[in-house]
Amino acid sequence: MKRRDFLTTTALGATALAVNGCHRAEEKSEDGSVAIKKTKKVTLKLATSWPAHFPIMGTGVDNFAKRCFELSGGSLEIKVYAKNILVPALQVFDATSAAQIDAFHSGVYYWKGKNSAFSIFGGMPLGLTSEEMITWMKFGGGYDLWREMYGKFNLYPLIGGTTGPQMGGWFKKEINSLADLKGLKMRIPGLGGEVMKKLGVNPVLLPAGEIYTSLERGTIDATEWVGPALDSMMGFAKAAPYYYTGWHEPGSILEITFNKTRWEKLSAEHQAIITAASEEMTSTMLQEFRYENAKALQVLPENVQIKTFPKEMMDAAKVALDEVLKVESNKSDDFKRVLESYQKFVKLNKPWDDISTKNFLEIRG
Ligand code: CA
């Protein structure tokens with residue numbers, strides 16, 4: 001049997017591969033001899049914070065599991081569970097830390113209550129783009145700090161996708177000045193929410209299922225979500241037609257995080273396969289978000305008006321962000337250390353980005 005056929009025909013019958021706890025991968029060499037390599041079959045349970053097969057994020061993790069299975073010749077099976085099947089959506093961190101499950105796929109910003117520094121690993125308002133975030137993680141020291149700090153929760157994190165630039169959100173009324181923000185109730189999480197609070201907004205947290213109804217009933221005046229592709233599915237345009245360009249989530253990072261003890265017990269081969277599959281997932285998700293957002297933008301309902309926030313608001317947001325970062329740094333040494341590493345990379349990256357990407361985009365027009 002050709003290896004490709006072998007992988008395809010067995011993809012749906014993973015359990016049939018376990019022979020006395022071992023997986024047999026047949027390799028036929030050119031002289032016709034067959035070598036049988038025994039690799040211990042491993043099955044891991046991974047819970048997500050998304051509904052089953054949720055577009056781009058959920059299908060991304062489904063494909064990650066499929067790739068781990070293919071690349072390992074069937075010896076590594078990752079079973080993906082949608083939110084609330086094994087554990088509630090926002091308890092995946094604790095459940096993995098406590099080894100109730102082996103791994104999770106979620107957004108890093110959800111865990112700032114565990115350690116405020118985690119919000120920086122998830123992305124910064126007015127900060128680095130997805131590609132720049134990944135560069136800081138891999139080459140600028142971000143991953144080392146993330147793994148050190150997650151290590152205290154017995155967790156081992158990997159980047160598990162990224163959204164690319166997000167939109168600024170849907171508003172019921174147009175925002176023409178800073179004064180228009182005063183007293184507005186907006187669903188906006190994370191550091192972006194804290195900046196908005198300093199600008200007079202009342203940031204609220206709502207589960208995904210309640211956002212549209214709250215907007216329609218006027219319980220909230222605005223909401224951010226992701227970008228055209230995923231926002232369109234929520235129907236926000238009907239209740240809040242002013243769609244603002246983004247600033248608060250220029251490159252949000254998702255994570256595939258493992259129980260650290262479980263991770264360390266995996267073979268070097270399986271660790272390498274998971275790492276490679278997570279990198280593939282991250283680049284594919286970024287490309288898919290770009291493509292799907294571009295398509296969805298073309299078919300937004302006709303009443304939608306795309307707007308950019310007034311300059312005075314963005315100037316005030318920069319000042320407010322500096323204040324928020326200063327306060328958080330004074331409260332937490334971890335936050336201060338991560339911020340210093342992040343800002344060191346920002347400083348290194350900016351001159352090159354200015355004369356390469358930024359300059360080119362202006363030339364291209
Ligand atoms: Ca968002």
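All of these numbers come straight from a predicted model, not from anything done at the bench.

Visitor: How should the environment of Ser72 be read in this particular structure?
Guide: Following the sequence through the fold, Ser72 ends up in the loop between helix H2 (57–71) and strand E5 (76–81). Residue class for Ser72 comes out buried when judged on its relative accessible area of 7%. Along the chain, Ser72 and Thr39 lie 33 residues apart, while their C-alpha atoms are 9.0 Å from each other. Ser72 has contacts with His270 and Ile273, leaving out every residue within four places of it along the chain.

Visitor: So what exactly am I meant to see when it comes to the coordination of the calcium ion here?
Guide: Around a metal, the perfect tetrahedron of four donors has angles of 109.5 degrees, and the perfect octahedron of six donors has angles of 90 or 180 degrees. Donor atoms from the polypeptide that coordinate the calcium ion comprise Gln166 (OE1), Glu224 (OE), Glu224 (OE), Trp225 (O) and Glu249 (OE), at 2.2 to 2.9 Å from the metal. Spacing between the donor residues of the calcium ion along the chain follows Q-x57-E-W-x23-E. Highlighted residues: Gln166 in the loop between strand E7 (155–162) and strand E8 (169–171) and Glu224 in the loop between strand E11 (222–223) and helix H9 (228–234), separated in sequence by 58 residues. Assigned by exposure class, Gln166 and Glu224 land together as buried.

Visitor: Looking at this model, I keep getting lost on the nonpolar core. Mind explaining?
Guide: In a soluble, globular protein the nonpolar side chains are often hidden away together inside. Phe64, Phe121, Trp136, Phe171 and Ile274 are the most contacted members of the largest nonpolar core, which totals 100 residues. Residues from two domains meet in this core; each of domain 1 (42–164 + 251–292) and domain 2 (169–248 + 304–334) gives at least three. Leave out the neighbours within four places in its chain, and Trp136 touches Ile120, Phe121, Leu128, Gly141, Gly142, Val338, Ser341, Tyr342 and Phe345.

About the thresholds
- Residues numbered from 1 in each chain as written.
- Predicted model: local features only at pLDDT ≥ 70, side-chain atom pairs only at ≥ 80, totals over all residues.
- Heavy atoms only, no water.
- Helix = DSSP H or I, 4+ residues; strand = E, 2+ residues; numbered from the N terminus.
- Buried < 20%, exposed > 50% of the residue type's maximum accessible area, 1.4 Å probe, protein only.
- Contact = heavy atoms within 4.5 Å.
- Donors = N, O, S within 2.8 Å, 3.2 Å for Na, K, Ca; no water.
- Core = buried A, V, L, I, M, F, W, Y, C linked by side-chain atoms within 4.5 Å.
- Domains from an automatic or database assignment.

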